[in-house]
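# Examining the three-dimensional arrangement
The lines below spell out each chain.
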Amino acid sequence: MPLMMSEEGFENDESDYHTLPRARAMRRRRGLGWFICGGWKFLCTSCCDWLINVCQRKRELRARTVWLGHPEKCEEKHPRNSIKNQKYNVFTFLPGVLYEQFKFFLNLYFLVVSCSQFVPALKIGYLYTYWAPLGFVLAVTIMREAMDEFRRFQRDKEVNSQLYSKLTVRGKVQVQSSDIQVGDLIIVEKNQRIPSDMVFLRTSEKAGSCFIRTDQLDGETDWKLRVAVSCTQRLPALGDLFSISAYVHAQKPQLDIHSFEGTFTREDSDPPIHESLSIENTLWASTVVASGTVIGVVIYTGKETRSVMNTSNPKNKVGLLDLELNQLTKALFLALVALSVVMVTLQGFVGPWYRNFFRFLLLFSYIIPISLRVNLDMGKAAYGWMMMRDENIPGTVVRTSTIPEELGRLVYLLTDKTGTLTQNEMVFKRLHLGTVSYGTDTMDEIQSHVRSSYTQPHSQASGNNTSSTPPRKAHSSGPKVKIVSSRVHEAVTAIALCHNVTPVYESRAGVTGETEYAEVDQDFSDENRTYQASSPDEVALVQWTESVGLTLVNRDLTSMQLRTPGGQILTYCVLQMFPFTSEGKRMGIIVRDESTAEITFYMKGADAVMSTIVQYNDWLEEECGNMAREGLRTLVVAKRALTEEQYQDFESRYMQAKLSVHDRALKVAAVVESLEREMQLLCLTGVEDRLQADVRPTLEMLRNAGIKIWMLTGDKLETATCIAKSSHLVSRAQDIHVFRPVASRGEAHLELNAFRRKHDCALVISGDSLEVCLRYYEHELVELACQCPAVVCCRCSPTQKAHIVKLLQQHTRKRTCAIGDGGNDVSMIQAADCGIGIEGKEGKAASLAADFSITQFKHIGRLLMVHGRSSYKRSAALGQFVMHRGLIISTMQAVFSSVCYFASVPLYQGFLMVGYATIYTMFPVFSLVLDQDVKPDMAMLYPELYKDLTKGRSLSFKTFLVWVLISIYQGGILMYGALVLFESEFVHVVAISFTALILTELLMVALTVRTWHWLMVVAEFLSLGCYVASLAFLNEYFDLAFITTMTFLWKVSAITVVSCLPLYVLKYLKRKLSPPSYSKLTS
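Residues numbered from 1 in each chain as written. Predicted model: local features only at pLDDT ≥ 70, side-chain atom pairs only at ≥ 80, totals over all residues. Heavy atoms only, no water.

The protein chain is annotated in an unreviewed UniProt entry as Phospholipid-transporting ATPase of Myotis davidii. Within the UniProt record for the protein chain, the comment given under Catalytic activity (unreviewed entry) is "ATP + H2O + phospholipidSide 1 = ADP + phosphate + phospholipidSide 2." (UniProt positions renumbered as here; feature names shortened; annotations may be inferred.)

So, about the overall build of the protein chain. Along the protein chain, the regular secondary structure elements total 40 helices and 33 strands. Residues classed as buried in the protein chain amount to 53% of the 1083 residues present. Once local pairs closer than 6 in sequence are excluded, the contacts in the protein chain between residues at least 24 apart make up 74%. Carbon and sulfur atoms provide 59% of the accessible area of the protein chain, an area that totals close to 50,100 Å². (Helix = DSSP H or I, 4+ residues; strand = E, 2+ residues; numbered from the N terminus. Buried < 20%, exposed > 50% of the residue type's maximum accessible area, 1.4 Å probe, protein only. Contact = heavy atoms within 4.5 Å. Areas by Shrake-Rupley, 256 points an atom, 1.4 Å probe, with all protein chains shown as cover.)

Attention now moves to the UniProt feature "active site" (unreviewed entry) in the protein chain. Using the residue numbers shown here, the UniProt feature "active site" (unreviewed entry) corresponds to Asp416. The topology assignment puts Asp416 in the loop between β15 (410-415) and β16 (422-432). When sequence neighbours within four positions are dropped, the list of residues in contact with Asp416 reads Leu421, Leu712, Thr713, Lys801, Ile819, Gly820, Asp821, Asp825 and Met828.

Under the UniProt annotation, the feature "transmembrane region" (unreviewed entry) is placed at residues 32-52, 128-147, 331-351, 910-930, 960-980, 986-1007, 1014-1034 and 1040-1066. With 62% helix and 0% strand, residues 910-930 has its two end C-alpha atoms placed 31 Å apart. End C-alpha atoms of residues 960-980 are separated by 30 Å, and the span's content is 100% helix alongside 0% strand.

On to the packing of aromatic side chains. Geometry of an aromatic ring pair is reported as the spacing of the ring centres plus the angle between the planes. Enumeration according to the criterion identifies 27 aromatic pairs in this entry. Ring geometry for Phe357 versus Phe358: centroids 5.8 Å apart, planes at 65 degrees, classification edge-to-face. When the ring of Phe360 is compared with that of Phe364, the centres are 5.9 Å apart and the planes differ by 15 degrees; the resulting orientation is stacked. In terms of burial, Phe360 and Phe364 fall into one category: buried. By way of ring pairs, the aromatic residues Phe578, Phe601, Tyr647, Phe650 and Tyr654 are connected into one cluster. The lysine or arginine in question, Lys73, covers the ring of Trp67, its NZ or CZ lying 4.3 Å from the ring centre. (Phe/Tyr/Trp six-rings, centres within 6.5 Å; stacked < 30°, edge-to-face > 60°. Lys NZ or Arg CZ within 6 Å of the ring centre and 35° of its normal.)

This next bit is on the sheet that holds strand β6 (residues 209-213). Spatially, the three strands line up as an open sheet ordered β7-β6-β12, and their pairing is antiparallel. Both edges of this open sheet fall to β7 (223-227) and β12 (288-289), since each of them pairs with a single strand only. (Pairing = 2+ DSSP bridges.)

Taken together, the four strands give an open sheet; going across it, the order is β1-β8-β9-β10, and neighbouring strands pair in antiparallel fashion. Whereas interior strands pair on both sides, the edge strands pair on one side only; in this sheet they are β1 (64-67) and β10 (273-277). Pairs of neighbouring strands in the sheet enclose a mean axial angle of 20 degrees, with direction left out of account. Where strand β9 (residues 262-266) lies against β10, five bridges are found, and the strand directions are antiparallel. Residue pairing in the sheet places Gly262 in a bridge with Leu277 of β10. (Axes fitted to C-alpha atoms, helices over the stretch in contact; angles between N-to-C directions.)

With respect to the element layout, Gln423 can be found in strand β16. Look at Gln423 and you get partly exposed, because its relative accessible area is 26%. Between the alpha carbons of Gln423 and Ala693 there is a distance of 8.7 Å; along the sequence they are 270 residues apart.

At a minimum axis separation of 10 Å, helix α25 (residues 745-756) and helix α26 (residues 767-786) run at an interaxial angle of 10 degrees. In terms of their interaxial angle, α25 and α26 are classed as roughly parallel. For the pair α25 and α26, contact is made by Arg745, Ala748, His749, Leu752, Phe755 and Arg756 and by Val772, Cys773, Tyr776, Tyr777, Glu780, Leu781, Leu784 and Ala785, respectively. When its residues are assigned to classes, the contact of α25 with α26 shows 10 nonpolar, one polar and three charged. (Parallel < 35°, antiparallel > 145°, perpendicular 65-115°, else oblique. Nonpolar A, V, L, I, M, F, W, Y, C, P; charged D, E, K, R; others polar.)

Together, Lys947, Lys951, Arg953, Lys958 and Lys1070 make up a positively charged patch on the protein surface. Here Lys958 shows up in helix α35 (residues 957-981). What makes Lys958 exposed here is its relative accessible area of 68%. (Patch = residues over 30% accessible without salt bridge, like charges linked within 9 Å, V, L, I, M, F, W, Y side chains within 5 Å. Salt bridge = Lys/Arg side-chain N within 4 Å of Asp/Glu carboxyl O. Lys, Arg positive; Asp, Glu negative; His and termini not counted. Charge placed at Lys NZ, Arg CZ, Asp CG, Glu CD.)

Attention now goes to empty space enclosed by the protein. If you walk through the whole model with that rule in mind, you get seven cavities of 30 Å³ or more. Space inside the largest cavity adds up to approximately 190 Å³. In this structure, the largest cavity is lined by 17 residues; those nearest its centre are Ile124, Tyr366, Pro906, Tyr908 and Met913. Of all the elements in the fold, those that place two or more residues in the lining of the largest cavity are α6 (128-160), α11 (353-363), α30 (859-899) and α31 (910-917). Of the residues forming the lining of the largest cavity, the biggest block, three residues, is contributed by α30. Residue contributions to the lining of the largest cavity reach at least three from each of two domains, namely domain 1 (82-162) and domain 3 (320-372 + 878-1075). (1 Å grid on protein atoms, 1.4 Å probe; cavity = no way out; pocket = protein on both sides within 12 Å on 5 of 7 lines; lining within 4 Å. Points joined across faces, edges and corners; volume = space filled by probe spheres on them. Domains from an automatic or database assignment.)

This part takes up a nonpolar patch on the surface. On the surface, a cluster of nonpolar side chains totalling about 850 Å² of accessible area is made up of Tyr126, Tyr128, Phe911, Ile919, Phe923, Trp1014, Leu1015, Val1018 and Leu1022. Considering every element that reaches the nonpolar patch, the biggest residue donor is helix α37 (residues 1014-1030), with four residues. Classification of Trp1014 as exposed rests on a relative accessible area of 61%.

Positionally, Ser365 belongs in the loop between α11 and α12 (371-389). Beyond its immediate stretch of four places on either side in the chain, Ser365 contacts Tyr109, Phe110, Val113, Tyr130 and Leu336.

Turning next to helix α27 (residues 798-812). With 15 residues, α27 extends 22 Å from end C-alpha to end C-alpha; this agrees with the ideal 21 Å at 1.5 Å per step. Restricting attention to buried positions, one finds in α27 the residues Pro798, Gln800, Lys801, Ala802, Ile804, Val805, Leu807, Leu808, Gln809 and Thr812. Looking at the residues trailing α27, positive phi occurs at Arg813, about 60 degrees. (Expected span 1.5 Å × (residues − 1).)

Put simply, helix α5 (residues 105-116) and α6 touch, their axes get as near as 9 Å, and they point 145 degrees apart. Helix-helix and strand crossings are classified by hand; for α5 and α6 the assignment is left-handed. Each of Asn107, Phe110, Leu111, Val113, Ser114 and Cys115 in α5 lies in contact with α6, whose residues at this interface are Tyr130, Trp131 and Leu134. Residues belonging to the contact of α5 with α6 are distributed by class as follows: seven nonpolar, two polar and no charged. (Left-handed = near helix turned anticlockwise from the far one by under 90°.)

Let us now look at the pairing of strand β13 (residues 294-300). By the criterion of burial, β13 is predominantly enclosed, with seven of the seven residues buried. Of the pairings in the sheet, the one linking strand β4 (residues 185-188) to β13 comprises four bridges and is antiparallel in character. Its bridge partner being in β13, Leu185 is matched across the sheet by Val297. Taken together, the six bridges between strand β5 (residues 197-203) and β13 define a ladder with antiparallel strand orientation. Looking at β13, one finds that Arg202 is bridged to Ile295.

What follows is about unusual backbone geometry. Omega for the bond connecting Asp270 with Pro271 falls within 30 degrees of zero, at -5 degrees, which places this linkage in the cis form. With respect to the helices, strands and loops of the structure, Pro271 is situated in the loop between β9 and β10.

Scanning the model with the defined rule gives 31 salt bridges in all. For Glu100, the salt bridge identified is with Lys103, shortest N-O distance 3.0 Å. You can call Lys103 partly exposed: its relative accessible area is 31%. The partner of Asp416 in a salt bridge is Lys801, with the nearest N and O atoms 3.3 Å apart. With a gap of 385 residues between them, Asp416 in the loop between β15 and β16 and Lys801 in helix α27 connect regions that are remote in the sequence. Look at Lys801 and you get buried, because its relative accessible area is 0%.

Another point: α25. End to end, α25 covers 16 Å across 12 residues, agreeing with the expected 16 Å (1.5 Å per residue, within 8%). Contact partners of the buried residues in α25: β28 (735-738), β29 (761-766) and α26.

Looking now at the confidence of the model for the protein chain. For the protein chain, mean pLDDT is 84; residues scoring 70 or higher make up 89% of the total. This stretch, residues 1-37, has a pLDDT under 50; its non-local contacts, to residues over four places away or in other chains, come to 10 contacts. Low pLDDT, under 50, characterises residues 509-522; the stretch is placed with 20 contacts to residues that sit more than four places away or in other chains. (pLDDT = per-residue confidence, 0-100.)

Listed below in structure tokens is the structure:
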């Protein structure tokens, strides 16, 4: 029999096997709440899961063949090209919102209690006493969710309805972004967002390449060069794309935004043309075209695009305070059950005892206050309003109003670098020639040196003449100034030539005239020129050479033109380009000066690499260290003059290496390295990436507040380390441990051991090494990293950033906050317990996805120290006070029932109960949201106050127990006092005890308040006034004749004094003997 088992059987077993750990985890998480309402919740979720699985059968992702301009030839159906950020749709909205509400034990409990009132045997009072508060809570929640959902819908609609030009056999037609299909030929203009993942076929630029901005995808603001498929770029006209028979074979959709494998095939030529496609032939969705007009064929749409696959679904965030209060309500529920059991036991289980048990449950149901959720939700709304109204942090927007208290409990802050800590504006700061150094204040000297070197008669013929003269001759030929002048000139020329920058001239004639326009000499007007490059550092260097007189005016694939201070044009022929790679950390270029036919090899790169390539010197290492300490990004520039024979020999070997099939990259690198020997060191440059305003004091404040800061960036390791130092994320005295690149388990093990031996040093690790370590040693790495004062992760993809956030949450169980400003930070912001977005140069993607949106990084200090701290302390006080309000009345009910032979009769009827929870005590209790223990300036000055909050002492089982004891004491005194002092009628007990109860509550608010606000005083007197005024209408509960007597007044006063005075005395003694940390500052 077993032999007949089909493969399907194996697959089914496999899938069951995968679900086992998940099922176990579910079982582990089942607490008391699940037990009480177990069947209901389990059935609901099972049905929902089944429905979701049926509706969303996950398609297997496959490689695909895409015919140019023929979407109908696709073998399978591909997803729609629409963006969807909504949580619900029309059908799931109401069930989804209700589920999110009744997931809380508190709300579920009240739903059950309210429903029980429909059973005549269990009915205790009027229906409205239970249903009105519950209905109010739900109505507020549903309206808030509906508003949020509608805003998301509008934002999505705006993006999905953007118009693009689609190329068809009949010409161009306009289509909406959401109607684009796989196989369509789409035309994207300059500065337009690319709507879906495409292969780049044609461009209006003559060079056959274009630049794109990828900041919304990977957070890097430098422009990337993309190259069109040469077969389609060579076609004479646009329409010819339809006259050829061609297709693209693309790999299956993947997460990796930095790689792509595919082939382009043209069938109708003889023989068929095959071209391999890589990342440089792609245009990913959410990037922006920076130059020219591009035409591409769509290969992935909608959910299969790289940008969507790299963003995680937003989760419903629940604050830690809400979870803690949920635990406390469960404890209260146990107390409620215990109390009811005690009452039934003392009755002696007579008659239908189980019915009495349920009646007692309902009588004491005020132990768990429904108004808790109402008060907290209204409090959260108030905190949000205060944040948005704060003049010190203008432009702050609260997008998620449910978690303001989270801002007061943060332990880890994960921040992006580019645009968050830095402005992403590069400025040239320092040029060092070994013997002489030029800073920003001495740039005019360089200018005069450059001008003089071009005005000398012999160098009129060539711009590079001095470079061919050996320095020794210059030494003997004249004074020392001459040497400095020629060295400055050589350095400036090298910086002006050794780069990958293209000057672009904005054409007034539209796209078609752009290329011709750039070639007319007289139109090289300075104000019309912008520089494009794949790195902002390179642009800063070229802009600096322009400022000292040597201007880059034109560049194509084979030549470069510079303009001297005198207006003369120097032309250089580009013979070879060696682009920058993250492994090589250097770039090189071989140029021939057209006027003198001299060939020079220029090179620039990181000091670690270049120090072994240049001739021996004694200053490079020291100066690099000095510049790095100032937070400057350093580049070493060197050159080597080549003879015609040397170059021809190199070229033949280089071409041979490029054609080899095996180990091509290694062979090419070996040939290039043969040139990189004994190069002449020209200069060292320092470029600064400007920090955002007040980054240093803000980071210091956060550190003093006990918050650990991790920097997660997509940028290079050197740059990230540099910014970590200059922003004082890593203090000057601290060591930095750079985690070496690891690729295997063994290497990771050795490197982790090396790191373990270091103490109190910051960690710098790259995304690739992190991935390897997490695969084998997840727990060890996170444990070690958490002990570091600061951690820098560089070369992180968006999904890695989110993964790091989740790891910290799982391993430390502490609250995390993520802050960023680009589309690549969205996953991290949504994964963190609290996400903060900055509206920056990289667009609004992060600020729209975040829970809180600010305009500058420095605002985070006030947001956490002042608003986060006070929100948490106020909510903690408010939550416990509302519980105290419920406990005190339940204690009175218990005393009353035990005196009345354990009868399940309510002490206060109908309106008294509703009034007690609302109009009589609501305003003073809610006015606790205005309370503050220290002034905002003090909280900013002493961030150490924030550190106390992370221990969660404002709301814990200890503080809760204190409130329970207070409630039992006061409830007992109020009830026994009224029973001892009441005259002949039962009505008087109700009148005395209820009035004393209201007064006690108002006095307790006054006791809890730390700083009085005029609104609090108004609330106290308003509530008292409302109660006194309502006495006239409450004649069915009170005896009006008795209320107006002096006896009533002294009895009420006596009971109130006995219930409150001891607490005032205790509070005074506590403040004298062990004052809290904030009181030392206020005094």
